[in-house]
Amino acid sequence: MNIPENDSGIKTQRYKLLFNLPIKLNEKKDYLITGMEYNRFDVGYSRDFSFDKSELIRFHVVDMNLGFITRWNENWNFVTILTPRMASNFTSGTITDDFFMNATAALWKEQPNADRPFRIVLGLTYNSTTGLPVPLPLISYYRKFHPKWSYTLGIPRSTFKHHINKRHALEMALFLDGYFINIQDNIVLPDSQIASKISFTALVATVGYQYNLSKNMSLFLMAGRSLEQEGKLRNDDQGDVFLLNDESNLYIRTGFKIGIF
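Figured I'd write up the structure that's included with this text. Being a predicted model, the structure only gives us computed values, none of them experimental. (Residues numbered from 1 in each chain as written. Predicted model: local features only at pLDDT ≥ 70, side-chain atom pairs only at ≥ 80, totals over all residues. Heavy atoms only, no water.)

### Brief notes about the packing of aromatic side chains
When we look at a pair of aromatic rings, we describe it by the centre distance and by the angle of the planes.
And then number 1: Tallying each qualifying case throughout the model produces 13 aromatic pairs.
And then number 2: For the ring pair Y141 and Y151, a centre distance of 6.1 Å and an interplane angle of 55° mean the geometry is tilted. With Y141 in strand β8 (residues 136-146) and Y151 in strand β9 (residues 149-155), this residue pair connects regions lying 10 residues apart in the sequence.
And then number 3: Overall, Y141 belongs to the partly exposed group, its relative accessible area being 25%.
And then number 4: On the basis of relative accessible area, Y151 is assigned to the partly exposed category, the value being 22%. (Phe/Tyr/Trp six-rings, centres within 6.5 Å; stacked < 30°, edge-to-face > 60°. Helix = DSSP H or I, 4+ residues; strand = E, 2+ residues; numbered from the N terminus. Buried < 20%, exposed > 50% of the residue type's maximum accessible area, 1.4 Å probe, protein only.)

Have a look at this one:
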């Protein structure tokens, strides 16, 4: 992912590696899901701040995923996912404040072989980095209403897709992106406030292209713009202490995907 420099003088690049492996447990088609996700953020600044920004150059987020999928009834599957997370600039190894815990529970119904394939996911997700002490809704409804057209409506992502043929597809998407990361060496601001966390949130609209190398492998490229975005320094209580960036900007992302489940 690349967010070029904008009027705030900040640019961001992200490198992401995600791997999840489903392990079939029995003939009921219960699955254990194990995996991990790694994100590295490189942030560049072309303007000066009234504090030392050397702690704000490179960040890492490491998730370990442990999930379970079981048949709830004839139509629905029940999915639970536990995600321990380390998110930090890791200037001094790891410390307690680098660790976070996220969890998801959802019901999932799918009919991929129907005349009009669809998928419904309804659930709750708890993310310790949102600053909200309650589970948040997870909603997704996918429908392929025509051999060449499909859409997904939901939170945090909605899409509208044109399947040109088996190899090529175009997509419009609206989604939320961002991060919340610990800063190990606290930053003292000129007003004597202490910054111990950094966060970035963006509502992004993109158009994209996907090239399917096979049924399970694809390359993709998307480009668009953030409609709203905020980069902030926060204190230990997740309160705002300094606004880094609130200017809308270009958003570019590309990658390679393999789907085995």
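### Brief notes about the nonpolar core
And then number 1: Ranked by size, the top nonpolar core spans 32 residues in total, and within it F51, L56, F59, I181, I198 and L233 carry the most contacts.
And then number 2: If you list the elements that add at least two residues to this core, you get β3 (31-45), β4 (58-71), β11 (168-188), β12 (194-212), β13 (217-234) and β14 (240-245).
And then number 3: Of all the elements, β11 adds the most residues to this core, at 7 residues.
And then number 4: Among residues more than four places away in sequence, those in contact with F59 are N39, R40, F41, V43, S88, N89, I181, I183 and I198. (Core = buried A, V, L, I, M, F, W, Y, C linked by side-chain atoms within 4.5 Å. Contact = heavy atoms within 4.5 Å.)

### Brief notes about the pattern of salt bridges
And then number 1: Following the criterion strictly, the structure yields 13 salt bridges and no others.
And then number 2: With its nearest N and O atoms 2.7 Å apart, the salt bridge here joins R40 to D42.
And then number 3: Residues R58 and D42 are paired through a salt bridge, measuring 2.7 Å at the closest nitrogen-oxygen approach. Highlighted residues: R58 in strand β4 and D42 in strand β3, separated in sequence by 16 residues.
And then number 4: Owing to a relative accessible area of 40%, R58 belongs among the partly exposed residues under this scheme.
And then number 5: Take D42: its relative accessible area is 14%, and that puts it in the buried class.
And then number 6: Via salt bridges that share partners, E230, K232, R234 and D240 belong to a single interconnected network. (Salt bridge = Lys/Arg side-chain N within 4 Å of Asp/Glu carboxyl O.)

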